Amino acid sequence: MPDAFEELQEVTVLACRACGALDPGPRELCTRCGSTDLESKRVAGTGTLVSSTMIRRPAAAFRGEGAFEVCVVDLDAGPRITGRLMPDGTRGRGTTEPDNVEPGQRVTLTGQRGEILYFAGNQDE
Amino acid sequence: MRRVFVAGIGSTAFGRHSGTDIEALAIKAGDAAIRESGVSRKEVGALYLGNFVAGPLVGQEVLAGLVADGLGLGQIPCTKVEGACASGGIAFRHASLAISTGACDVAIAVGVEKMTGADTPTVTAALNCAMDNRADGVSGLTFPGLFGLVWKLHAARYGTTRSDVSSVVRKNKANGLRNPLAQMAAHIDDEAILNSALICDPLRLFDCCPVSDGAAAVLLVSEEVARACSTPMVEVAASVQTRGSARIAGHPDLCSFDATVAAAHAAYDMAGLSPSDIDFVELHDCFSIAEIVDSEDLGVVPRGQGGIWAREGRTRIGGDVPINPSGGLLAKGHPVGATGIGQIYETVLQLRGAHPNQVKDAAIGLTHNLGGTGVACTVNILRRSDA
């Protein structure tokens, strides 16, 4: 059974209690100051698309999903994070048409399936 | 630090070697390098072997010791190094260090990989070991996917077109036609590239290097030993290894690999040279767009103009800076652990004036080998000793 899709507005990242640095994780220690005192912190799921690509030949573990679009997002809170773009609702999962979000456009977290974060382009842009 | 010279080179063809064991490939290349140098094999003081996935793909480890045994070397330190696609370059740099630091007077670097015997899902799974699987693997990203991300951003920022990138594919595939070691050389046109399957938008099949078997070796020696060898003297003017982010999201700029930029700067400093002194480059074109980004990161092409330079033919043989006259990974092939040493092999032939696709008056060459998601990089500068 595939994991259920859970709607979310915030991304959970790691915050260093010593220096305040944020990191998408997982990490054993803060790579800025070396502190091991890290805590989970929720930040806004809003950001800017750095880039994206439609993976049409997935690795074996993902093959059952058909094509999917991986993205890199700069969160407004600071961390750069890897996730996926939501397949267009009218095309559903397994679409082979890339989303029309371009680098530099605003995106927002829609939710999470398993460990994978999903983003979508903002409607008004 | 002592000066380091290349006394001998050897290589198998890159491609499919279905009837040959991985050790046999490595020993063939290593033996050719030793024989060519005329150095006694008992004088070899260290062996470094670059390999990435012999464990999962052919079920053989301890390759460094196995290959030294097969070559008839002494009871010397034999070390396997791994840095994904940069494994070969890392082996070369360690052999170079063994000479420059005075640890020994003769050292051999051998790179080898055997990949074509495994089915595609097995190869893909093995290659994905080069990703930070706790961070990037989760999203389902692949290596072609990384370069799809890079391409899309390069296109958005600099206006790089499909046709610009196709210029790289056409050039390297055509360069490979003159290289007897090349696996996938071809005369192809833009239409054929456009008609090949989409892998990760906008990257198509012909933008990707093939899966390959092969081995290459280089024998490095001190100045004193080099002077007694009959092979033309080629000096290692710089050999640099750097680390970049292990995670895609850790790269400050997806249109650049900071490990390459840092390695190139350090290599130019070490050699006392600047990018304009470089006569030709063998760089890590695992995907077509990678050549464009690498050429900018190495400083041989202005930032953002990699696509334009490719389109205008300025990176062809006879152009401002010939890139991948061997055919590169796209045409020559990419037996992962052998690739970085294969680049040295091609560069030494150019500097000896003996390459089948010779760059006129080649005196100084640069090689660039990039591993994983840019987590490991080596840049080497080689020069003719009269240059």
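## Regarding the overall build of chain A
The number of helices and strands found in chain A is zero helices and nine strands. Per-residue burial over chain A gives 40% buried out of 125 residues. Contacts spanning at least 24 positions in sequence make up 53% of the contacts within chain A whose residues lie at least 6 apart. Only carbon and sulfur atoms are counted for the fraction: they give 45% of the accessible area of chain A, which is about 6500 Å².

## Points about helix α4 (residues 87-100) of chain B
Between its first and last C-alpha, α4(B) extends 20 Å over 14 residues, near the 20 Å set by a 1.5 Å rise per residue. Backbone geometry just after α4(B) places B:G102 at a positive phi near 85°.

## Re the interface of chain B and chain A
Taken together, the contact between chain B and chain A spans 29 residues of the former and 34 residues of the latter. Here chain B packs against chain A, burying approximately 2500 Å² in sum over the two surfaces, 57% of which is carbon and sulfur. Taken together, the links from chain B to chain A amount to four salt bridges. As a salt-bridge pair, B:D201 and A:R56 come within 2.6 Å of each other at their nearest N and O atoms.

## Some details on the packing of helix α6 (residues 143-158) of chain B against helix α11 (residues 288-297) of chain B
Residue and element names in this part refer to chain B. Contact geometry of α6 with α11 gives a least axis separation of 9 Å together with a crossing angle of 60°. One element, α6, and the other, α11, form an angle in the oblique class. Seen from above, α6 lies across α11 with left-handed handedness. The residues of α11 that touch α6, namely those facing F147, V150, W151 and H154, are S288, I289, A290, I292, V293 and E296. The class makeup of the residues in the contact of α6 with α11 is seven nonpolar, two polar and one charged.

## Some words on the confidence of the model for chain B
Residues and elements named next belong to chain B. With 100% of its residues at a pLDDT of 70 or more, chain B has an overall mean of 97. Model confidence for chain B, summarised as mean pLDDT per element, is weakest for helix α5 (residues 120-127) at 85 and strongest for strand β9 (residues 280-282) at 99. Prediction confidence for the complex, expressed as pTM and ipTM, is 0.96 and 0.93 respectively.

## Focus: the pairing of strand β2 (residues 10-16) of chain A
Residues and elements named next belong to chain A. Among the seven residues of β2, five are classified as buried, and the element is accordingly described as predominantly covered. In this structure, β2 lies alongside strand β4 (residues 38-44), joined through seven bridges in antiparallel fashion. Paired with C16 across the two strands is L38, which belongs to β4. Relative to strand β3 (residues 22-23), β2 runs antiparallel, the two sharing two bridges. The residue bridging A15 from the neighbouring strand is L22, located in β3. Linkage of β2 to β3, two consecutive antiparallel strands, is achieved through a turn of five residues, within which G20 is found at a positive phi near 85°.

## Brief notes about the sheet that holds strand β8 (residues 234-243) of chain B
Residues and elements named next belong to chain B. With mixed pairing, nine strands are arranged side by side in an open sheet as β3-β2-β4-β7-β1-β8-β11-β10-β9. Two strands lie at the open edges of the sheet, namely β3 (78-81) and β9, each paired on one side alone. Going across the sheet, the axis of each strand differs from the next one's by a mean of 25°, ignoring polarity. Strand direction decides the pairing type here: strand β10 (residues 364-371) and strand β11 (residues 376-384), joined by eight bridges, are antiparallel. Across the sheet, the residue bridging to T367 is N380, located in β11.

## Some thoughts on the domain arrangement of chain B
Residues and elements named next belong to chain B. In terms of domains, chain B is made up of domain 1 (4-119 + 211-235) and domain 2 (131-208 + 236-384). Each of domain 1 and domain 2 was reduced to a C-alpha centroid, and the two centroids are 23 Å apart. Domain 1 puts 48 residues into the contact, and the matching count from domain 2 is 36 residues. For the pair domain 1 and domain 2, the summed buried area comes to about 3000 Å², and 67% of that belongs to carbon and sulfur atoms. It is F14, C85 and E235 in domain 1 that bury the most area against domain 2; as a group they hold 23% of the surface buried on that side. Here domain 1 is connected to domain 2 by one salt bridge. One salt bridge connects R352 with E36, and the closest N-O pair in it is separated by 2.6 Å. At the boundary of domain 1 and domain 2, one finds 13 residue pairs in polar contact (both at pLDDT 80 or more). Considering every element that reaches the side of domain 1 that touches domain 2, the biggest residue donor is α4, with nine residues.

## Quick word on α11(B)
All names here are of chain B. With 10 of 10 residues buried, α11 is to be regarded as a mostly interior element. Among the residues of α11, those classed as buried are S288, I289, A290, E291, I292, V293, D294, S295, E296 and D297. Directly beyond the C-terminal end of α11, a positive phi value near 80° is found at G299.

## Considerations on the packing of aromatic side chains
Counted by the stated rule, this structure contains four aromatic pairs over all chains. Plain terms: the ring middles of A:F62 and A:F68 are 5.9 Å apart, the flat faces sit at 55° to each other, and that makes the pair tilted. As far as the burial class goes, A:F62 and A:F68 line up, both buried. Residues B:F147 and B:F257 carry aromatic rings whose centres are separated by 5.8 Å and whose planes lie at 40° to one another, so their mutual orientation is tilted. Here the residue B:F147 occupies a position in helix α6, and B:F257 occupies one in the loop between β8 and α10 (258-271), the gap between them amounting to 110 residues.

## A short note on the sheet that holds β2(A)
Spatially, three strands are ordered β3-β2-β4 (chain A) in an open sheet, and the strand pairing comes out antiparallel. Strands at the two margins of the open sheet, each flanked by one partner only, are β3 and β4 of chain A.

Quick notes on the rules
- Residues numbered from 1 in each chain as written.
- Chains lettered and ligands numbered in written order.
- Predicted model: local features only at pLDDT ≥ 70, side-chain atom pairs only at ≥ 80, totals over all residues.
- Heavy atoms only, no water.
- Helix = DSSP H or I, 4+ residues; strand = E, 2+ residues; numbered from the N terminus.
- Buried < 20%, exposed > 50% of the residue type's maximum accessible area, 1.4 Å probe, protein only.
- Contact = heavy atoms within 4.5 Å.
- Areas by Shrake-Rupley, 256 points an atom, 1.4 Å probe, with all protein chains shown as cover.
- Expected span 1.5 Å × (residues − 1).
- Buried area = accessible area lost by both parts, 1.4 Å probe.
- Salt bridge = Lys/Arg side-chain N within 4 Å of Asp/Glu carboxyl O.
- Axes fitted to C-alpha atoms, helices over the stretch in contact; angles between N-to-C directions.
- Parallel < 35°, antiparallel > 145°, perpendicular 65-115°, else oblique.
- Left-handed = near helix turned anticlockwise from the far one by under 90°.
- Nonpolar A, V, L, I, M, F, W, Y, C, P; charged D, E, K, R; others polar.
- pLDDT = per-residue confidence, 0-100.
- Pairing = 2+ DSSP bridges.
- Domains from an automatic or database assignment.
- Polar contact = N/O pair within 3.5 Å; in protein donor to acceptor, adjacent residues only side chain to side chain.
- Phe/Tyr/Trp six-rings, centres within 6.5 Å; stacked < 30°, edge-to-face > 60°.

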